[in-house]
Protein chains: 2
Amino acid sequence: MHIKLIFRVLGVLLMLFSLTLMPPVAVSLWFKDYSYPAFLLAFFITFATGLFFWLPFYNIRQDLRTRDGFVITALFWTVLGLFGALPFLFSESPNLSFTDAVFESLSGLTTTGATVITGLDQLPESILYYRQQLQWLGGIGIIVIAVAILPMLGVGGMQLYRTEAPGPNKDSKLTPRITETAKALFLIYLMLTVVCALCYWAAGMTLFDAIGHAYATVAIGGFSTHDASIGYFDSSLIMAICMVFMILSGINFALHFTSWRDRKLRQYWYDPECRFYLKVIAATTVVTVGYLIYTKTYQWQDAFWQGSFELVSILTTTGFGVTDFTIWPAFLPFFLFYTAFMGGCAGSTGGGMKVVRVLLVWKQGVREISRLIHPNAVIAIKLGNRAVSDRVVEAVWGFFAVYVISFAIMFLILLATGLDFITSFSAVGACINNLGPGLGLVAAHYGDIDGVAKWVLCFAMLLGRLEVFTLLVLFTPMFWRR
Amino acid sequence: MHIKLIFRVLGVLLMLFSLTLMPPVAVSLWFKDYSYPAFLLAFFITFATGLFFWLPFYNIRQDLRTRDGFVITALFWTVLGLFGALPFLFSESPNLSFTDAVFESLSGLTTTGATVITGLDQLPESILYYRQQLQWLGGIGIIVIAVAILPMLGVGGMQLYRTEAPGPNKDSKLTPRITETAKALFLIYLMLTVVCALCYWAAGMTLFDAIGHAYATVAIGGFSTHDASIGYFDSSLIMAICMVFMILSGINFALHFTSWRDRKLRQYWYDPECRFYLKVIAATTVVTVGYLIYTKTYQWQDAFWQGSFELVSILTTTGFGVTDFTIWPAFLPFFLFYTAFMGGCAGSTGGGMKVVRVLLVWKQGVREISRLIHPNAVIAIKLGNRAVSDRVVEAVWGFFAVYVISFAIMFLILLATGLDFITSFSAVGACINNLGPGLGLVAAHYGDIDGVAKWVLCFAMLLGRLEVFTLLVLFTPMFWRR
Ligand SMILES: [K+]
Ligand SMILES: [K+]
């Protein structure tokens, strides 16, 4: 472990993060909402802490190695989550406890979008802006980590995306690849956000709402500046724009990069993960809309808009709402909720277990059955034309098992805090999948639940965002042994 | 596929099964409950059908091959389940519909022990005896299939238990091994039942109750001749006897065989699966009893007896009851319910995913983490001193994933039939784990739920009992292709 190097990286991260507290100050001054002192105070504390970590080690030059990668990835969300909570703590409106402030901040940064705040429409603009921006920052962090770091670490089968670069850089040195990849991805992310914001603006949102919702859409975050979420705007055009950008943001950003660079749109369809993702969206939309019409819950036009919007929002794990889908008939709320366990593609801002893993689990299930019938056949699992190694196969099964078991344990703990069955089940699901809204007591917000439950859910959000293993590995004595 | 051979085996099975309808006739005549015509009629139909399948092919001499093994294993429970329902259909008391009769029969044969009948204490003795005997017959079927057939088929990693016998018999010819193994196992099963019955009798049960409960205990079935189950006897001695035999019956019968043959009790402790099983029972008992004392639900003595009995009964998936554990505080009902997902050891009469699979999933989870930290290390998974092959590892992950996904889908279907969340969740869990009692509406019995739900649950019981893959494989076109 390169402790000094980790301190230096952490220092840089905190100083960079402190700079992101300046735009809310500007927003506050522009709207005259008098909340800027909270941001300035948070800025000074964060910047000073960053400087404190960075200064003694500013001239350290070492390459990051695998083990450091785990620590930095985990620190990215935990430390930034804590410092990101400062403005909520210092601000008078909303008046949040320490637990609530950390919950809101982590929920933003992990792009979960579960909120403890009600009465959004009455909040200072700077706080509203800050929440949206937190998601946007979390979003780019996720993409860079998912595309540049996790493949190197080999978390949950993500070595699948490891580029076979020859030479000494291949194995454990991460630095060169990170910088180069991060730039390309950031550019795409920025472009997508700008286009999304312009579309929203053109469709009738105020510029403030347009930027804020573009942040939360592209980050698959789901925070809104209104309690009624996207439903506030009551516009099919805005719903359509939102759906398009949620679906786009749920696609692997490395795929966006190559498709746009090569100007070949059909690459989206040739990519097995993306194709499966689009097919699942189409199929589940048909089920949802069909069942809404069949049960006469809505007229067919409403059924189409409400059904497809909610489905896309839940499946991609965005968590925007236009209606209360939790009161839809029979199995529909759970059906939608299940789709969030799949979530977006690997390397996107989406949560859940990721499309490629679900696809691999499916293919492996089929292979297990084939093996029973033909015990001596050698059957390879393929993604497109590429055979997937057994090592990846095992890692994906492992991911699935540990994901389900973590879910089951946290569900039990939430029950132990006294929450009811549906609330516990869905709160853990909504947080581990980085979805946001749940069912039951947490359908609208998380303000009414117990403090212990909130901390468990914070852990769930981190677990989901850190692809389970990145976090769990830090709790093993083995990791810390030299 | 050897259709003729399968017909012959099916014919023999049905004729043998028809003979098991004679003891209830004797019971009926002894107790003068006037129910014997139902059994006689069922006997004639079953025997005639068996003869009809057997007669044309009685001189067929072929070796069973892998593919036939799947069909016969699946037919064992489905066909016997259907014919086993005949006495319930023909009997006037209880007056069951076709759905209920099949549900009760399948629930007995798969040793699930979920019942649709209330008022057991008023039923004819012959029917009560028949229910218990169904479980006992199912129990021996499970053991023989699990020890002799599943390892050959390689279902869910069970090739782990394949004895490395050299020569041409090794691969796909099942017949010689089945006969020889079945005899040894049956003897142990019989011995265990006789000893259990004698203990119950000595402890104060009537001979009728002692035999009936010994059947259901050794089969890990959980049917009782009283609505109050084991609680009816209100005796700590009977509870203690029951616990001992539930724990014994949850152990691999092949292990019983070798330990008793070699007169070496410590083999139980040297067996990694058995040791893990005993440790988990000890640990979960401490949690259960401790929490009951901590919450002052019972005095410490009651807490010990009720807590440990219910825990052992649920964990081994027996489903006997002495109290209503579903009203215990907070997370305890779900905690107990979770343990049933582990269930008994492979090759026992227990349900659930089986101890060895949980142990392997755990070891593989640890290995995945080690691999993250030491990406280039070659790490073998060991059970005792034996390294477990990657093929088995993958099959176990596969089993786990398909088990969880099947659970999730059937849960959704039960919600769609209009059942509430807890009932749907626990009914599917109780049936796929072959546990029996659930929570919510199905805590005591399954009489009040809808017909469609009952058929889904029948499927769940079969799925659990057939180790998921044995049943699923039959639904693939691949299996039926020549
Ligand atoms: K979200
Ligand atoms: K049972």
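Just so it is clear, the model here is predicted, and its values are computed rather than measured. (Residues numbered from 1 in each chain as written. Chains lettered and ligands numbered in written order. Predicted model: local features only at pLDDT ≥ 70, side-chain atom pairs only at ≥ 80, totals over all residues. Heavy atoms only, no water.)

Asks: Where do I start with the overall build of chain A in this structure?
Replies: Per the secondary structure count, chain A includes 21 helices and two strands. Taking 2.2 N^0.38 as the reference for a compact globule, 482 residues should give roughly 23 Å; the C-alpha atoms of chain A span a radius of gyration of 22 Å, in line with that estimate. Dimensions along the principal axes, computed over C-alpha positions, put chain A at roughly 70 × 65 × 50 Å. Within chain A, the proportion of its 482 residues that are buried is 62%. Accessible surface, chain A: about 18,400 Å² in total, of which carbon and sulfur atoms supply 67%. For chain A, the centre of its 31 positive side-chain charges and the centre of its 27 negative side-chain charges are spaced 16 Å apart. (Helix = DSSP H or I, 4+ residues; strand = E, 2+ residues; numbered from the N terminus. Rg over C-alpha atoms; globule rule 2.2 N^0.38 Å. Buried < 20%, exposed > 50% of the residue type's maximum accessible area, 1.4 Å probe, protein only. Areas by Shrake-Rupley, 256 points an atom, 1.4 Å probe, with all protein chains shown as cover. Lys, Arg positive; Asp, Glu negative; His and termini not counted. Charge placed at Lys NZ, Arg CZ, Asp CG, Glu CD.)

Asks: Quick question: what am I supposed to make of the relation of the copies chain B and chain A here?
Replies: Least-squares fitting of chain B to chain A yields an RMSD of 0.0 Å, with the superposition described by an axial translation of 0.0 Å and a rotation of 180°. Such a combination of rotation and displacement between the chain copies is what one expects of a two-fold axis. When C-alpha distances to the rotation axis are compared across chain B, the minimum falls at Trp 397 of chain B, with a value of 2.8 Å. When you check the interface residues of chain B against chain A, 100% turn up at the interface there too, and the contact is symmetric in its surfaces. (Least-squares fit on C-alpha atoms with pLDDT ≥ 70 in both. Contact = heavy atoms within 4.5 Å.)

Asks: Looking at this structure, how should I read the coordination of the potassium ion (ligand 2)?
Replies: Residue and element names in this part refer to chain B. Summarising the metal site, the potassium ion (ligand 2) is bound by the protein donors Thr 111 (O), Thr 112 (O), Ile 220 (O), Gly 221 (O), Thr 317 (O), Thr 318 (O), Asn 434 (O) and Leu 435 (O), whose distances to it range over 2.5 to 3.0 Å. Every donor residue of the potassium ion (ligand 2) comes from the same chain, spaced as T-T-x107-I-G-x95-T-T-x115-N-L. Residue classification places Thr 317 among the buried positions, given a relative accessible area of 0%. (Donors = N, O, S within 2.8 Å, 3.2 Å for Na, K, Ca; no water.)

Asks: I keep staring at unusual backbone geometry and nothing clicks. Help me out?
Replies: Across residues other than glycine, the phi torsion is negative in most instances, and most of the peptide bonds are trans. Each neighbour pair has its own omega, and for Ser 93 of chain A with Pro 94 of chain A the value is 5°, a cis peptide bond. Residue placement: Pro 94 of chain A occurs in the loop between α5 (86–90) and α6 (98–109). Despite not being glycine, Arg 263 of chain B shows a phi value in the positive range, around 50°. With respect to the helices and strands, the residue Arg 263 of chain B is situated in the loop between α11 (253–261) and α12 (267–270). Accessibility expressed as a relative area gives 71% for Arg 263 of chain B, which makes it exposed.

Asks: Looking at this structure, how should I read the nonpolar core?
Replies: Nonpolar side chains in soluble globular proteins generally cluster together in the buried interior. Counting 352 residues, the largest nonpolar core has Tyr 446 of chain A together with Tyr 446 of chain B as the members making the most contacts within it. In terms of residue count, helix α7 (residues 125–153) of chain A provides more of this core than any other element does, 18 residues in total. Among residues more than four places away in sequence, those in contact with Tyr 446 of chain A are Phe 103, Ala 114, Thr 115, Val 116, Ala 427, Ala 430, Cys 431, Gly 436, Pro 437, Gly 438, Lys 454 and Leu 457 of chain A. (Core = buried A, V, L, I, M, F, W, Y, C linked by side-chain atoms within 4.5 Å.)

Asks: I would appreciate a short explanation of the coordination of the potassium ion (ligand 1) in the present structure.
Replies: For a metal with four tetrahedral donors the ideal donor-metal-donor angle is 109.5 degrees, while six octahedral donors give ideal angles of 90 or 180 degrees. Residues and elements named next belong to chain A. Of the protein atoms, only Thr 111 (O), Thr 112 (O), Ile 220 (O), Gly 221 (O), Thr 317 (O), Thr 318 (O), Asn 434 (O) and Leu 435 (O) coordinate the potassium ion (ligand 1), at distances of 2.5 to 3.0 Å. In primary sequence terms, the donor set of the potassium ion (ligand 1) follows T-T-x107-I-G-x95-T-T-x115-N-L. Linking Thr 112 in the loop between α6 and α7 with Thr 317 in the loop between α14 (300–315) and α15 (332–342), this pair joins segments that are 205 residues apart in sequence.

Asks: Looking at this structure, I do not really get the pattern of salt bridges. What am I missing?
Replies: Here the idea is simple: oppositely charged side chains can pair when their charged atoms come close. By the definition in use, this model includes 20 salt bridges over all chains. Of the charged contacts in the structure, one is a salt bridge between Lys 354 of chain A and Glu 467 of chain A, with a shortest N-O distance of 3.3 Å. A residue pair is termed long-range when its members are at least 10 positions apart, and Lys 354 of chain A in the loop between α15 and α16 (355–373) and Glu 467 of chain A in the loop between α19 (451–465) and α20 (469–472) qualify at 113 residues. Notably, a salt bridge pairs Glu 394 of chain B with Arg 371 of chain A, separated by 2.8 Å at the nearest N-O pair. Pair noted here: Glu 394 of chain B is in helix α17 (residues 390–416) and Arg 371 of chain A is in helix α16, and the two residues belong to different chains. According to the relative accessible area criterion, Glu 394 of chain B is buried, its value standing at 1%. Taken together, the shared-partner salt bridges in this structure form one network comprising Arg 367, Glu 368, Arg 371 and Asp 390 of chain A together with Arg 391 and Glu 394 of chain B. (Salt bridge = Lys/Arg side-chain N within 4 Å of Asp/Glu carboxyl O.)

Asks: I keep staring at the interface of chain B and chain A and nothing clicks. Help me out?
Replies: If you look at the interface, chain B gives 48 residues, while chain A gives 48 residues. Of the roughly 4,300 Å² buried between chain B and chain A, counting both surfaces, carbon and sulfur atoms make up 76%. Summed over the shared surface of chain B and chain A, the result is six salt bridges. Put simply, Glu 368 of chain A and Arg 391 of chain B hold a salt bridge, and the shortest N to O gap is 3.7 Å. Where chain B touches chain A, the interface holds six residue pairs in polar contact (both at pLDDT 80 or more). (Buried area = accessible area lost by both parts, 1.4 Å probe. Polar contact = N/O pair within 3.5 Å; in protein donor to acceptor, adjacent residues only side chain to side chain.)

Asks: Would you explain helix α4 (residues 66–84) of chain A in this entry?
Replies: Because each turn of an α-helix spans 3.6 residues, side chains separated by three or four positions in sequence point in the same direction. Residue and element names in this part refer to chain A. Along its 19 residues, α4 runs 27 Å from first to last C-alpha, staying within 8% of the 27 Å computed at 1.5 Å per residue. Of all the bends found along α4, the most pronounced is centred on Leu 75 and spans about 30°. Burial within α4 is extensive, with 16 of its 19 residues counted as buried. (Expected span 1.5 Å × (residues − 1). Bend = angle between axes of the 7 residues up to and from the residue.)

Asks: Looking at this model, I keep getting lost on the packing of aromatic side chains. Mind explaining?
Replies: What describes a pair of aromatic rings is the distance from one ring centre to the other and the angle between the planes of the rings. A full pass over the atoms with the stated rule returns 74 aromatic pairs over all chains. Summarising the aromatic geometry, the rings of Trp 136 of chain A and Tyr 189 of chain A are spaced 5.4 Å apart at their centres and angled 25° between planes, so their arrangement reads as stacked. Here Tyr 189 of chain A lies in helix α8 (residues 175–202) and Trp 136 of chain A lies in helix α7, a separation of 53 residues in the sequence. With a relative accessible area of 0%, Tyr 189 of chain A lands in the buried category. With 6.0 Å between their ring centres and 40° between their planes, Tyr 291 of chain A and Tyr 294 of chain A make a pair best called tilted. Separated by three residues within a single helix, Tyr 291 of chain A and Tyr 294 of chain A lie in helix α13 (residues 272–294), roughly one turn from each other. You can call Tyr 294 of chain A exposed: its relative accessible area is 64%. One cation-aromatic arrangement involves Arg 67 of chain A over Phe 479 of chain A; the distance from NZ or CZ to the ring centre is 5.8 Å. Over the ring of Phe 399 of chain B we find Arg 357 of chain B; its NZ or CZ atom is 3.7 Å from the centre of that ring. (Phe/Tyr/Trp six-rings, centres within 6.5 Å; stacked < 30°, edge-to-face > 60°. Lys NZ or Arg CZ within 6 Å of the ring centre and 35° of its normal.)

Asks: Is there a simple way to explain the environment of Cys 242 of chain A in this structure?
Replies: All names here are of chain A. For Cys 242, the location among the structural elements is in helix α10 (residues 236–249). Residue classification places Cys 242 among the buried positions, given a relative accessible area of 0%. Taking the C-alpha atoms as reference points, Cys 242 and Thr 217, 25 residues apart in sequence, are found 6.9 Å from one another. Apart from the residues within four sequence positions on either side, Cys 242 is in contact with Tyr 200, Thr 217, Ile 230, Phe 309 and Phe 320.

Asks: Where do I start with the UniProt feature "binding site: K(+)" (unreviewed entry) in chain A in this structure?
Replies: Residues and elements named next belong to chain A. This chain's UniProt record puts "binding site: K(+)" (unreviewed entry) on Thr 111, Thr 112, Ile 220, Gly 221, Thr 317, Thr 318, Asn 434 and Leu 435. For the annotated residues, spread through 325 residues, the largest C-alpha to C-alpha distance comes to 9.1 Å, consistent with a single compact locus. Tracing the backbone through its elements, the reader meets Thr 111 in the loop between α6 and α7. Judged by relative accessible area, Thr 111 falls into the buried class, the value being 0%. The contacts of Thr 111, once residues within four sequence positions are left out, are Gln 135, Gly 138, Gly 139, Ile 142, Ala 219, Ile 220, Gly 221, Thr 349, Asn 434 and Arg 465. Here Asn 434 is to be found in the loop between α18 (421–432) and α19. Residues contacting Asn 434, with those up to four places away along its chain left out, are Thr 110, Thr 111, Thr 112, Thr 317, Gly 351, Met 461, Gly 464 and Arg 465. (UniProt positions renumbered as here; feature names shortened; annotations may be inferred.)

Asks: Is there a simple way to think about the side chain of Arg 367 of chain B in this case?
Replies: With respect to the helices, strands and loops of the structure, Arg 367 of chain B is situated in helix α16 (residues 355–373). Look at Arg 367 of chain B and you get buried, because its relative accessible area is 5%. Residue contacts for Arg 367 of chain B: discarding those within four places in its chain leaves Glu 394 of chain A together with Ile 379, Ala 380, Ile 381, Asp 390 and Val 393 of chain B.

Asks: How should I be thinking about the environment of Pro 329 of chain A in this particular structure?
Replies: With respect to the helices, strands and loops of the structure, Pro 329 of chain A is situated in the loop between α14 and α15. Classification of Pro 329 of chain A by relative accessible area gives partly exposed; the value is 24%.

Asks: Quick question: what am I supposed to make of helix α7 (residues 125–153) of chain B here?
Replies: Residues and elements named next belong to chain B. Taking 1.5 Å of rise per residue, the 29 residues of α7 would be expected to cover 42 Å, and the 40 Å separating its terminal C-alpha atoms lies within 8% of that figure. Of all the bends in α7, the greatest measures close to 40° and is centred on Ala 146. A large share of α7 lies buried, amounting to 28 of its 29 residues. Two residues or fewer past α7, Gly 154 is found with a positive phi of approximately 75°.

Asks: Looking at this structure, I do not really get the packing of α13 of chain A against α16 of chain A. What am I missing?
Replies: A packed helix pair is summarised by two numbers, namely the angle formed by the two axes and the spacing between the axes. All names here are of chain A. At their nearest, the axes of α13 and α16 sit 9 Å apart, and the two run at 90° to each other. Between α13 and α16, the crossing angle belongs to the class labelled roughly perpendicular. When α13 is examined against α16, the residues Pro 272, Glu 273, Phe 276 and Tyr 277 are found in contact with a partner set consisting of Val 355, Val 356, Val 358 and Leu 359. For the contact of α13 with α16, the residue count by class is seven nonpolar, no polar and one charged. (Axes fitted to C-alpha atoms, helices over the stretch in contact; angles between N-to-C directions. Parallel < 35°, antiparallel > 145°, perpendicular 65-115°, else oblique. Nonpolar A, V, L, I, M, F, W, Y, C, P; charged D, E, K, R; others polar.)

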